[in-house]
Amino acid sequence: MRRISSMIAFCGMAALAVAQNPVNCNDLPFSRATGILYFNNDPSSGALVFGQSNPATDDFAAKCIPARLLVRPDTTSVGGTAATMEIVGFEEEIYDTDWTTPADFGDLYLSAGVLNVTTGDIEPDFTNYPNNGVLIAGANSGFPNPCAIFPGFCPNATCPAPGTVTGWGSIFTFGTAQGQGVIHVADGTFDLSITKFVMGGQTLGGGGTCGLGDFDAFFPTSTTETEFIGDNGGNTRYDGFQIGATGTTPASGFIAGPLTEATIEQPQYFEPTLNMQIAYDGVTAEIGRGAYSFSVANGSATAFSPRVYSRQGYGDLCGAYGSLNLFPSAFPLTVPGFTIGLLADPFDPSGVPDTTAGVWSGAVIQENNGGDPFDNGVAALPLLGPLPAGLPQLVIWNQAILINLSTLTIVDTQAVGIELNP
């Protein structure tokens, strides 16, 4: 396996990949910023035709978003909706070592994650592949050479600096209306697995226009995760890869990644989403796996807070709260004309809701990430802390409620359980 750590990403032209103003596109990233590119094989092992990837033999990267981040209220008992969430698209980065031929997006497979009881990893469910999931066939991006569009970043209009790989950011969606996306269970029992396959026959072995062969990479990796897991051999449960078969050498099978690395993958949801953040210095909040499971051993600084995404909710009021308890099913709180599905218990006698609700409130504002469709509607709520050292291991469930005063619309988010460790 080879990795390249020098990259340049350009986002402006990526809006060509989709219609403007796609439906909502609320992030659920579960990772931090891009750090490196991995290349599983040289040459790559994979299908030569879009839609024909084989998990038994091909190179792939896989990411799991755990069930504890995917718990939506179920208000069916009062005529509402089931506990589901709808993926309306994906935010992707794609890189190419030779842009004289536009880069290809490889196949993407959405499925449940299954626990490997031996290793502790949550791996893609390839049972009856692809019929037990959703296979999204890859396609040629059609993107132009970034060096030709932004020559100031490259020595010439064809190639970047030696050892550097250029690419685009993009957002693609499944449609422009609710119900056209991929709907999955969100009742706290479903781990979402996202598998990204590599197209076959690509090489990094020199040559090509820019000296690095012609290889497309669309699963960049964060290298700055701060996840705490004390019982998985120093590896994460939630990210991994396979080195595909070559000649007489069989595929490696699923290999868990280290705690410090995470595949960059941002599904975009129709519903407003709640993400949690952790700040080990008490000031700089990071979003990613570290906010899902972290240590409070340095209790002088550790703080955490919610980050709510609601592209449809610019100007809405946002309030969030935490609890040690989760209702077994949504508790419908009826406000005249509306029903809110509460999951994190606001009546928890522990005092956690009182503490958090007094801090976590604000407005959804537009976050400028380069224009439509990359901009987000975000409520980045204040940090809560420092947390005292010596806390026992516990899970705090968090939820956010959004209110539009002009339309009297009330919307809830999913509940997110974060694990505090000594």
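Now for a quick tour of the structure. (Residues numbered from 1 in each chain as written. Predicted model: local features only at pLDDT ≥ 70, side-chain atom pairs only at ≥ 80, totals over all residues. Heavy atoms only, no water.)

## Considering the state of the cysteines
And step 1. Enumeration according to the criterion identifies two disulfides in this entry.
And step 2. With a sulfur-sulfur separation of 2.2 Å, Cys147 is cross-linked through a disulfide to Cys154. Between Cys147 and Cys154, the S-S torsion sits near -70 degrees, and that sign places the bridge as left-handed. Of the two residues, Cys147 and Cys154, both sit in the buried class.
And step 3. Sulfur-sulfur distance for the disulfide between Cys159 and Cys210 comes to 2.1 Å. With the S-S dihedral at roughly -90 degrees, the linkage between Cys159 and Cys210 falls on the left-handed side. You can see Cys159 sitting in the loop between helix 1 (146-149) and strand 12 (165-173) and its partner Cys210 sitting in the loop between strand 14 (192-197) and strand 15 (216-217), a full 51 residues away along the chain.
And step 4. Each bonded cysteine of the protein is numbered by sequence order, and under that numbering the disulfide pairs are 1-2, 3-4.
And step 5. Not part of a disulfide, Cys318 finds its nearest cysteine sulfur in Cys25, a span of 19 Å.
And step 6. By relative accessible area, which is 3% here, Cys318 ends up buried. (Disulfide = S-S within 2.5 Å. Buried < 20%, exposed > 50% of the residue type's maximum accessible area, 1.4 Å probe, protein only. Helix = DSSP H or I, 4+ residues; strand = E, 2+ residues; numbered from the N terminus.)

## Structural notes on the pattern of salt bridges
And step 1. Counted according to the given criterion, the structure contains eight salt bridges.
And step 2. The shortest N-O distance in the salt bridge between Arg32 and Glu286 comes to 3.2 Å. Taken as a pair, Arg32 in the loop between strand 3 (26-27) and strand 4 (37-39) and Glu286 in strand 22 (residues 286-287) lie far apart in primary sequence, 254 residues in all.
And step 3. Judged by relative accessible area, Glu286 falls into the buried class, the value being 9%. (Salt bridge = Lys/Arg side-chain N within 4 Å of Asp/Glu carboxyl O.)

## Considering the sheet that holds strand 24 (residues 303-309)
And step 1. As summarised here, the arrangement of the five strands in space is 22-21-24-30-29, forming an open sheet in which the pairing is antiparallel. Every interior strand has two partners, whereas the edge strands, strand 22 and strand 29 (365-367), have only one.
And step 2. Note: strand 21 (residues 273-279) against strand 24, seven bridges, orientation antiparallel. Each residue of the ladder has a partner; that of Thr273, found in strand 24, is Tyr309. (Pairing = 2+ DSSP bridges.)

## A look at unusual backbone geometry
And step 1. Note the cis peptide between Tyr129 and Pro130, where omega equals -5 degrees.
And step 2. Locating Pro130 in the fold gives a position in the loop between strand 9 (122-124) and strand 10 (134-136).
And step 3. Gly385 connects to Pro386 through a cis peptide bond whose omega is 5 degrees.
And step 4. Take Pro386: it is sitting in the loop between strand 30 (376-380) and strand 31 (394-404).
And step 5. Located in the positive-phi region is Cys25, a residue other than glycine, with phi close to 55 degrees.
And step 6. In this fold, Cys25 is placed in the loop between strand 2 (7-10) and strand 3.
And step 7. Judged by relative accessible area, Cys25 falls into the buried class, the value being 1%.

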